[in-house]
Amino acid sequence: MTAVADRLLMLIAGLVIDAMFGDMPAIFRHIPHPVVIAGRAIAFFDRKLNRESRSETSRRQRGIVTVVVLVGGAALFGMVIERICRGSLIGAAFETMLIAVLVAQRSLYEHVAAVAVALQTGGLRVGREAVRHIVGRDPASLDQHGVARAAIESLAENFSDGVVAPILWYLLLGLPGLFAYKMANTLDSMIGHRTPRYRSFGWAAARLDDVLNAIPALTSGLLLAAAAVFAKNAQPSHALAIMLRDGRKHHSPNAGWPESAMAGALGLALAGSADIIRALEVYRIACLVEAGLLLGVWLALHFTLLV
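The paragraphs below set out a description of the structure included in this document. (Residues numbered from 1 in each chain as written. Predicted model: local features only at pLDDT ≥ 70, side-chain atom pairs only at ≥ 80, totals over all residues. Heavy atoms only, no water.)

## Describing the overall build of the protein chain
Logical step 1: When you go through the protein chain residue by residue, the secondary structure sums to 12 helices and 0 strands.
Logical step 2: Radius of gyration (C-alpha) of the protein chain: 20 Å, near the 19 Å computed for a compact globule of 307 residues.
Logical step 3: Considering only C-alpha atoms, the protein chain reaches an extent of 60 × 50 × 40 Å along its principal axes.
Logical step 4: A total of 307 residues make up the protein chain; the buried ones form 49% of that total.
Logical step 5: Residue pairs in contact within the protein chain that sit at least 24 positions apart in sequence constitute 73% of those at least 6 positions apart.
Logical step 6: Total accessible area on the protein chain stands at roughly 15,200 Å², and carbon and sulfur atoms take up 65% of it.
Logical step 7: For the protein chain, the centre of its 29 positive side-chain charges and the centre of its 23 negative side-chain charges are spaced 6 Å apart. (Helix = DSSP H or I, 4+ residues; strand = E, 2+ residues; numbered from the N terminus. Rg over C-alpha atoms; globule rule 2.2 N^0.38 Å. Buried < 20%, exposed > 50% of the residue type's maximum accessible area, 1.4 Å probe, protein only. Contact = heavy atoms within 4.5 Å. Areas by Shrake-Rupley, 256 points an atom, 1.4 Å probe, with all protein chains shown as cover. Lys, Arg positive; Asp, Glu negative; His and termini not counted. Charge placed at Lys NZ, Arg CZ, Asp CG, Glu CD.)

## Quick notes on unusual backbone geometry
Logical step 1: Although it is not a glycine, Met 24 adopts a positive phi angle of roughly 50°.
Logical step 2: By the secondary structure assignment, Met 24 is in the loop between α1 (2-21) and α2 (25-28).
Logical step 3: The phi dihedral of Asn 233 is positive, around 55°, even though this residue is not glycine.
Logical step 4: Structurally, Asn 233 is set in the loop between α9 (214-227) and α10 (236-246).
Logical step 5: Residue classification places Asn 233 among the exposed positions, given a relative accessible area of 66%.

## Side note on the pattern of salt bridges
Logical step 1: Tallied over the entire structure, the rule returns 9 salt bridges.
Logical step 2: Between Glu 56 and Arg 59 there is a salt bridge, with the nearest N and O atoms lying 3.5 Å from each other. Of this pair, Glu 56 and Arg 59 both sit in helix α4 (residues 56-85), 3 residues apart, which is roughly one turn of that helix.
Logical step 3: Linking Lys 249 and Asp 246 is a salt bridge whose minimum nitrogen-to-oxygen distance equals 3.1 Å.
Logical step 4: Its relative accessible area of 59% is what places Lys 249 among the exposed residues.
Logical step 5: Owing to a relative accessible area of 19%, Asp 246 belongs among the buried residues under this scheme.
Logical step 6: Among the charged side chains, a network of salt bridges with common partners joins Glu 56, Arg 59 and Arg 199. (Salt bridge = Lys/Arg side-chain N within 4 Å of Asp/Glu carboxyl O.)

## Brief notes about the nonpolar core
Logical step 1: Judged by nonpolar contacts, the single largest core of 90 residues is most densely connected at Val 115, Phe 159, Leu 187, Met 262 and Ile 276.
Logical step 2: If one sorts the elements of this core by residue count, helix α7 (residues 144-191) sits on top with 23 residues.
Logical step 3: With residues up to four places along the chain from it excluded, the contact list for Phe 159 reads Leu 108, Val 164, Ser 220, Leu 223, Leu 224, Tyr 283, Ala 286, Cys 287 and Glu 290. (Core = buried A, V, L, I, M, F, W, Y, C linked by side-chain atoms within 4.5 Å.)

## A look at the environment of Asp 161
Logical step 1: Relative to the helices and strands, Asp 161 resides in helix α7.
Logical step 2: Residue Asp 161 is classed as buried on the basis of its relative accessible area, which comes to 13%.
Logical step 3: In this structure, the C-alpha to C-alpha distance between Asp 161 and Tyr 181, residues 20 residues apart in sequence, is 9.5 Å.

## Examining helix α3 (residues 34-49)
Logical step 1: Its 16 residues give α3 an end-to-end C-alpha distance of 23 Å, which sits within 8% of 22 Å, the value for a rise of 1.5 Å per residue.
Logical step 2: Considered for burial, the residues of α3 that qualify are Ala 38, Gly 39, Ile 42, Phe 45, Asp 46 and Leu 49. One side of α3 holds all its buried residues, which, seen down the axis, span an arc of 125°. Set apart from the buried face of α3 by more than 90 degrees, the exposed residues are Arg 40 and Arg 47. (Expected span 1.5 Å × (residues − 1). Arc of directions from axis to C-beta.)

## Considering the packing of aromatic side chains
Logical step 1: Here the structure, examined in full by the defined rule, presents 4 aromatic pairs.
Logical step 2: Cluster of aromatic residues (ring-pair linked, three or more members): Tyr 109, Phe 159 and Tyr 283.
Logical step 3: Taking NZ or CZ as reference, Arg 7 lies 5.8 Å from the ring centre of Tyr 170, over its face.
Logical step 4: One cation-aromatic arrangement involves Arg 60 over Trp 203; the distance from NZ or CZ to the ring centre is 4.4 Å. (Phe/Tyr/Trp six-rings, centres within 6.5 Å; stacked < 30°, edge-to-face > 60°. Lys NZ or Arg CZ within 6 Å of the ring centre and 35° of its normal.)

Right under this line is the structure:
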């Protein structure tokens, strides 16, 4: 129980550091970000194993090998780091910083807020350029409503992928779980596409990401509905109702839960830049609700240990 309490405390501290400092560009101007390192490893396997001259069956098999090697290697690396960090204050501080780096709550907020600012100050062209950084599709054909809607959908989906899921897997498995999840999620973002190049090679990456995000996606939808209780002009009961009605209708098995909860909370069909601000308020409160729940569990464990 002491180990669980320690993990919770490091997680809460990591979330606070991330909320205060975000991506810490001053540090990562000099050293590569862990996700950048993961991306380079994935790109290497892609170049070596995903050749067009190979059959679709061969490419799928090599994609499975890629996922096993990279996700397994990330988990093993996390296990080594965790063992090194165990039992010292310096180690606990280092582990806390790793959590802060790998949970993307502030950077997500800033990227989505930049879309709202771009639409308000620069118009559609600048808004399209800003949203390009957070969506996978080409925004060239989007109107202002489309840009705003894409930003809000990305905010909701990435609340699950970038915040809730890393927290859950760290809670369950520590640094091995956090490292393995971030590698799996990066694999999906890079090769998990239904395009001719990645239809077979990225199959395993996409399926693993679906499995790892199943519970976090539903949890994130519930957190967004809970956050709507405290947000101005939001509708918590509508958020829950729309999530239960539409959560399974999305082409993605997981993205529908947080996206439908956010849409229900805001009462949206179309959206504008002001709605992005409203969505960011719900997101910010959802992060606070999640942190509050973690703190509550830590306090309960702490007092139990004292008794």
